[in-house]
Amino acid sequence: MTVTPKISINDGNLVVHGRTILTGVPDNIVLTPGSGVGLVAGAFIGATASHSKSLHVFPVGVLEDLRFMCCFRFKLWWMTQRMGTSGRDIPLETQFMLVESKVNTETGEQGDPLTIYTVFLPLLEGPFRAVLQGNDKNELEICLESGDSAVETNQGLYFVYMHAGTNPFEVINQAVKGVEKHMQTFLHREKKKLPSFLDWFGWCTWDAFYTDVTAEGVDEGLRSLSEGGTPPRFLIIDDGWQQIENKAKEESASIVQEGAQFASRLTGIKENSKFQKNGQNSEQVSGLKHVVDEAKQHRKVKFVYVWHALAGYWGGVKPAAAGMEHYDTALAYPVQSPGVLGNQPDIVMDSLSVHGLGLVHPKKVFNFYNELHAYLASCGVDGVKVDVQNIIETLGAGHGGRVSLTRSYNQALEASIGRNFPDNGCISCMCHNTDGIYSAKQTAIVRASDDFYPRDPASHTIHISSVAYNTFFLGEFMQPDWDMFHSLHPAAEYHGAARAVGGCAIYVSDKPGNHNFELLKKLVLPDGSVLRAQLPGRPTRDCLFVDPARDGISLLKIWNLNKCTGVVGVFNCQGAGWCKVVKKTRIHDESPGTLTGSVRATDADLISQVASPNWNGETIVYCYRSGEVIRLPKGASVPVTLKVLEYELFHFCPLKEIASNISFAPIGLLNMFNSGGAVEQFDIHMASDKKPATIALKVRGCGRFGAYSSQRPLKCTVGSIETEFVYDAATGLMTVNLPIPEEDMYRWPVEIQV
């Protein structure tokens, strides 16, 4: 039997599931159907050229009148989202694109035209990297480059992978797994070991001290947060601990004066004088070890990470620095790709293009990482935050190109982390290029967007929308990290609520003494653990092609799952975004309006997975900010109205029918942002002959625990002790107070008889 391919080129049209996506496809574009498990639903786009070159731009066809969402690099380091309807809307450096098309001959659940979602993933082929862009003729283009004028080609079959289906979350998941099988150079997130720090509250020194961090400052910050009742259990000592040289000011060209710090180079692998400590016999004992020991012994920190750049420091490693000669470091001058230069200019690159970067020879870079990491591990450090990663793509000339050099560095980094940090201790940062993403077999945490900027009012709404849309793509490769924030800040609640539905690490960078403990206690339990959602948080299906940062009408909804519930966070993110005219993030609406939208249980896309097999679609909704508890029939929705920088969190708890007149749903800890994250287990033990049924729960944390019961429960025990509860017959809400447990991560056994 012949299987008709779902993706094909017919008469110059690229057709997906019977719907034309691109017209006017040139003859030099080649479509290769995917074959084998996981690839059958997809196809690869390749192209041929008349001449060999190191950089090609191939038009693929015209895209018009179809909604798309894409993630593109607005600057060298980071991606953000863009929505559009035609080829000219596709930005330079687009690394992922999702296109919506409706098939009028088939209908979906509500009788609407069936929606097909097609994902485009530009790939790496040999030493070349492909990326998407659009032109003024509305053509989708593939830009192919090696980053080394000596590395040329005139053809390739596997530049872009396409995959299509009716569920966008399944389509991207299957597409990345298909590419994983095809390329065999990276692993999907689900196969990677997640570091343990994710489930604990953290503190990072960056926005507290920037590069002025000291040993005393580290201790002060840990003490300050612990005394307020939210003890950090992981610590990131960010930039500022290393030995670096400083360029004399008069040496630096005036145009890059303010960026001169970025030209500084590493002069040793140990800590600088701010962290060194003299022993009693005037012997030097490691100051870093002392800081780590103090944090772990006196402040009960479980995990300590330190920062370094992929090249060592911003300006690399100082050539022939004493004790570092064996790394064969040589000065290299960055050359950025045309796509990056066409988007946002970068002060770091201005500085490095003048001063050069000290590049450790790729054959020696494992030795460099291994010696650095072995020293850190000997000081008790558990992992590293590896920053400034994309600089390596600009240094490929003479090293076989950008892909080859990036892969050499990535493989060396992962080998060293595997050897020195057994918990897979690595956070990847400033790393949003496909050269690195498709080369990561082990790294499991990726920063999801540009930084939290406490003093930039334009940054807060776009931060939340960027992390969500970038996570749709990045979350297939690694667990996205939505960055630190300040708990004492006008946008603190907004940031905190987003982290609670992000499934990400939760950590702040508060200055010592500058904390909002009332807010932090909505995120952090007294043992320093957090209620982390199960998945990377992503926009709901109805938000994928609207623009909640710019369109003036749409709210952003982010969904996730807990073990027994779904959660949807709603955010008003309007008013600011990256502007292609001024080439930076700016406020484009000084006073965005109040917006109204709605949420429903199925916004949490996989909610049926946490419900019982015979679930009828009915849920109990707990609205976090209003405190409302609503019994919601299948398909019904709840309205939500928000001003800019406001949020609401909706916890959808699948209703379980226990007997003909009794139904029940556990909600969770009512005072925590991610209430449902507290419910770890939900079982029902039916009794025979009209005796009461027993609901057995395992619940983490302490404070007000809530559940819905359609009639007043008969009895409640917590940890086998009968406990008083309050029942509101009007809403069905029963609440009981859980004490503070003595053990870390303790799960209270709660039994309720109905």
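Counting restarts for each chain: residues are numbered from 1 in the order of the written sequence. For this predicted model, a pLDDT threshold of at least 70 governs which residues receive local features, and a threshold of 80 or more governs which side-chain atom pairs are given and counted, while totals over whole chains, interfaces and linings are taken from all residues. Working from all heavy atoms in the structure, the side-chain values ignore hydrogens and water.

A. Examining the nonpolar core more closely. Among buried residues, those of type Ala, Val, Leu, Ile, Met, Phe, Trp, Tyr and Cys that are joined through side-chain atoms within 4.5 Å constitute a nonpolar core. Burial classification: accessible surface area is computed with a 1.4 Å probe over protein chains only, and a residue below 20% of its type maximum counts as buried, one above 50% as exposed, and the rest as partly exposed. Counting residues in hydrophobic clusters, the biggest one holds 168 residues, and the most contacted among them are Leu121, Phe368, Phe473 and Phe571. When checking whether two residues touch, look at their non-hydrogen atoms; a contact exists if any pair is within 4.5 Å. Residues within four places of phenylalanine 473 in sequence aside, it is in contact with Cys71, Met79, Gln95, Phe96, Leu121, Ile172, Ile437 and Tyr438. Counting 34 residues, the second-largest nonpolar core is a separate cluster that includes Ile45, Phe58, Cys70 and Met162.

B. Examining the packing of aromatic side chains more closely. Stacked, tilted and edge-to-face pairs are distinguished by plane angle, under 30 degrees for stacked and over 60 for edge-to-face with tilted covering the rest, among Phe, Tyr and Trp rings (Trp via its six-membered ring) whose centres lie within 6.5 Å. Enumeration according to the criterion identifies 30 aromatic pairs in this entry. Ring centres 6.3 Å apart and planes at 85 degrees place the aromatic pair tryptophan 203 and phenylalanine 209 in the edge-to-face group. Both rings, one in tyrosine 746 and one in tryptophan 748, keep their centres 5.0 Å apart while their planes meet at 85 degrees; by these two values the pair is edge-to-face. Since its relative accessible area comes to 13%, tryptophan 748 is described here as buried.

C. Structural context of the pairing of strand β44 (residues 715–718). Between any two strands, pairing holds if DSSP finds at least two bridges. Comment: elements are numbered from the N terminus, with helices defined as DSSP H or I runs of at least four residues and strands as E runs of at least two. Sheet topology places β44 next to strand β48 (residues 747–753); 4 bridges connect them, and they run antiparallel. Paired with cysteine 716 across the strands is isoleucine 752, a residue of β48. Examined bridge by bridge, β44 and strand β45 (residues 721–722) share 2 bridges and lie antiparallel to one another. Residue pairing in the sheet places threonine 717 in a bridge with glutamate 722 of β45. The turn joining β44 and β45, which pair antiparallel and follow one another in sequence, is formed by 2 residues; a positive phi near 60 degrees is taken by glycine 719.

D. A look at helix α1 (residues 168–183). One less than the number of residues in a helix, times 1.5 Å, gives the span that helix is expected to have. Helix length check: α1 (16 residues) gives 22 Å between terminal C-alpha atoms against 22 Å at 1.5 Å per residue, within 8%. Taken residue by residue, α1 has Pro168, Phe169, Val171, Ile172, Asn173, Ala175, Val176, Gly178, Val179, Glu180 and Met183 as its buried positions. For the purposes of these results, a polar contact is taken to be a pair of N or O atoms within 3.5 Å, where, inside protein, one atom must be able to donate a hydrogen and its partner to accept one; residues adjacent in sequence count only when each atom of the pair is a side-chain atom. By the N-cap criterion, in which a side-chain oxygen at the helix start approaches the backbone nitrogen of a residue two or three places on, α1 is capped by asparagine 167, the distance to phenylalanine 169 being 2.8 Å. Phi turns positive, to about 60 degrees, at glutamine 184, one or two residues after α1.

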